[in-house]
Amino acid sequence: MLTIGVDVGGTSVRAGVVDGEGLVLDTERAGTPKGEAALEDTITAAVSRLLDRHDATAVGLAVAGFVNSDRRRVRFAPHLAWRDAPVADRISHRLGLPVVLEHDANAAALAEYRFGAARGAHVAVLVAIGTGIGGALLVDGQVFRGAHGVAPELGHLRVVPDGRPCPCGKNGCWERYCSGTALSTTAIELLAKYPGTSSLLAAQVAEDVNAVTGRRVAGAARDGDALAQRAFGELARWLGEGLALVADVYDPEVVVIGGGVSESAPLFLDDAREHYAAIVTGAGHRPLARIRTAQLGDDAGIVGVATMARDLAARTVRNGRGH
Ligand SMILES: [Zn+2]
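The paragraphs below set out a description of the structure included in this document. (Residues numbered from 1 in each chain as written. Predicted model: local features only at pLDDT ≥ 70, side-chain atom pairs only at ≥ 80, totals over all residues. Heavy atoms only, no water.)

1. Looking at the coordination of the zinc ion
Those protein atoms acting as donors to the zinc ion are His156 (ND1), Cys166 (SG), Cys168 (SG) and Cys173 (SG), and they sit at 2.0 to 2.3 Å. Of note, the zinc ion draws all its donor residues from one chain, in the sequence arrangement H-x9-C-x1-C-x4-C. Note that histidine 156 is positioned in the loop between strand E11 (142-143) and helix H4 (180-193) and cysteine 168 in the loop between E11 and H4, a separation of twelve residues in sequence. (Donors = N, O, S within 2.8 Å, 3.2 Å for Na, K, Ca; no water. Helix = DSSP H or I, 4+ residues; strand = E, 2+ residues; numbered from the N terminus.)

2. Digging into the pairing of strand E12 (residues 254-258)
By the criterion of burial, E12 is predominantly enclosed, with five of the five residues buried. Residues Val254, Val256 and Gly258 line one face of E12 and the alternating positions Val255 and Ile257 line the opposite face, and both faces are buried. With five bridges connecting them, strand E9 (residues 123-129) and E12 associate as parallel partners. When the bridges of E12 are listed, valine 125 appears paired with valine 255. One ladder, built from four bridges, connects E12 with strand E13 (residues 290-293); its direction is parallel. Paired with valine 256 across the two strands is arginine 292, which belongs to E13. For the crossover from E12 across helix H8 (residues 269-279) to E13, the handedness is right-handed. (Buried < 20%, exposed > 50% of the residue type's maximum accessible area, 1.4 Å probe, protein only. Pairing = 2+ DSSP bridges. Right-handed = clockwise from strand over helix to strand, strands pointing away.)

3. Things to note about the nonpolar core
Core analysis: the largest hydrophobic core is formed by 44 residues, its most contacted members being Val127, Trp174 and Leu239. Listing elements by their share of this core, those giving two or more residues are E9, strand E10 (133-139), H4, helix H6 (214-222), helix H7 (226-250), E12 and H8. At twelve residues, H7 tops the list of elements feeding residues into this core. Setting aside residues no more than four positions away along its own chain, leucine 239 makes contact with Ile129, Trp174, Cys178, Ile257, Phe268, Leu269 and Ala272. (Core = buried A, V, L, I, M, F, W, Y, C linked by side-chain atoms within 4.5 Å. Contact = heavy atoms within 4.5 Å.)

4. Notes on H4
The end-to-end C-alpha distance of H4, which contains 14 residues, comes to 20 Å, matching closely the 20 Å that a straight helix rising 1.5 Å per residue would cover. Taken as a whole, H4 has its buried residues at Gly180, Ala182, Leu183, Ser184, Thr186, Ala187, Leu190 and Leu191. (Expected span 1.5 Å × (residues − 1).)

5. Description of the pairing of strand E4 (residues 56-63)
Counting buried positions over the eight residues of E4 gives seven, a clear majority of the element. Of the pairings in the sheet, the one linking strand E1 (residues 2-8) to E4 comprises six bridges and is parallel in character. In the strand pairing of E4, valine 6 is matched with leucine 61. In this sheet, strand E8 (residues 99-103) lies alongside E4 in parallel orientation, the contact comprising five bridges.

6. Some remarks on the packing of aromatic side chains
If you walk through the whole model with that rule in mind, you get two aromatic pairs. Each ring, one from tyrosine 177 and one from tryptophan 238, has its centre 5.2 Å from the other, and the planes form 55°; the classification is tilted. Within this pair, whereas tyrosine 177 is found in the loop between E11 and H4, its partner tryptophan 238 is found in helix H7, the two being separated by 61 residues in sequence. Judged by centre distance (6.1 Å) and plane angle (10°), the rings of phenylalanine 232 and phenylalanine 268 are stacked. Taken together, the residues span a long stretch of sequence, with phenylalanine 232 in helix H7 and phenylalanine 268 in the loop between E12 and H8 at a distance of 36 residues. We classify phenylalanine 232 as buried; its relative accessible area is 1%. Judged by its relative accessible area of 1%, phenylalanine 268 is buried. Just above the ring of tryptophan 238 sits the side chain of arginine 237; from NZ or CZ to the centre is 4.2 Å. (Phe/Tyr/Trp six-rings, centres within 6.5 Å; stacked < 30°, edge-to-face > 60°. Lys NZ or Arg CZ within 6 Å of the ring centre and 35° of its normal.)

Right, dumping it as structure tokens:
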């Protein structure tokens with residue numbers, strides 16, 4: 001049985017046909033349009049093109065935003081047009097297939113649990129480090145959503161009182177210190193603090209301060225730039241700090257580090273582990289969570305939500321509502 005997973009992000013819509021082993025067999029991709037109707041047209045068109053080539057039985061949508069607890073509506077997605085919209089029913093009606101919705105971090109966590117770095121873990125946390133931080137918690141393979149479907153919002157844990165301002169309205173949120181965005185902020189701060197540093201990044205800052213992106217800091221660090229490596233050192237420290245908070249609350253067996261920044265894990269993960277192990281409550285007297293990098297990369301959202309769609313289709317057939 002094949003199902004289709006769609007990753008609906010702020011810049012692109014990616015759809016993939018996924019089999020029972022979590023393998024992506026075929027994909028379609030399009031830019032994310034601005035309006036609500038145009039976005040639904042784009043999703044429906046991408047899925048329809050895949051359905052022309054494959055016989056799939058259900059569709060899952062992984063959305064970068066809040067989904068309500070029955071997973072039929074998108075409450076709010078900062079980079080998408082939907083506001084309290086019945087997305088699952090609308091798309092299901094247009095495609096004539098069962099559709100399930102999920103927060104993209106939850107979908108990625110499920111994919112890592114079924115097929116990747118968190119396989120079989122009783123308590124698994126996903127920390128997806130990209131532009132910001134996305135978080136998910138799985139208990140025995142079940143997504144923990146909280147009472148209103150918005151937990152766990154790890155990126156906005158306050159790690160630094162009166163720290164850097166965050167678009168969420170607070171100060172000192174974890175993702176202001178530990179994300180691709182944070183890497184560039186830290187690098188720019190370090191350059192201002194140590195003027196005259198001979199750094200590959202200094203020339204970029206002199207040219208245009210906005211040119212210092214997380215990706216560029218990573219590139220410079222890999223090329224041996226000391227200042228860029230120091231920015232990664234700071235990120236590692238704050239990652240360890242946040243992981244210690246996460247471990248105090250959830251006591252996970254495995255923490256999976258995903259997202260775009262995890263591709264640079266050799267630059268920071270060992271330091272983060274060390275810092276985490278040193279400061280977690282009861283350090284030296286408790287088992288530590290295994291901290292691993294994600295295995296499914298960019299496809300995790302597609303694979304996870306397609307797997308949820310498969311579970312939904314199986315239930316639908318069992319309940320005799322499918323055929
Ligand atoms: Zn925040």
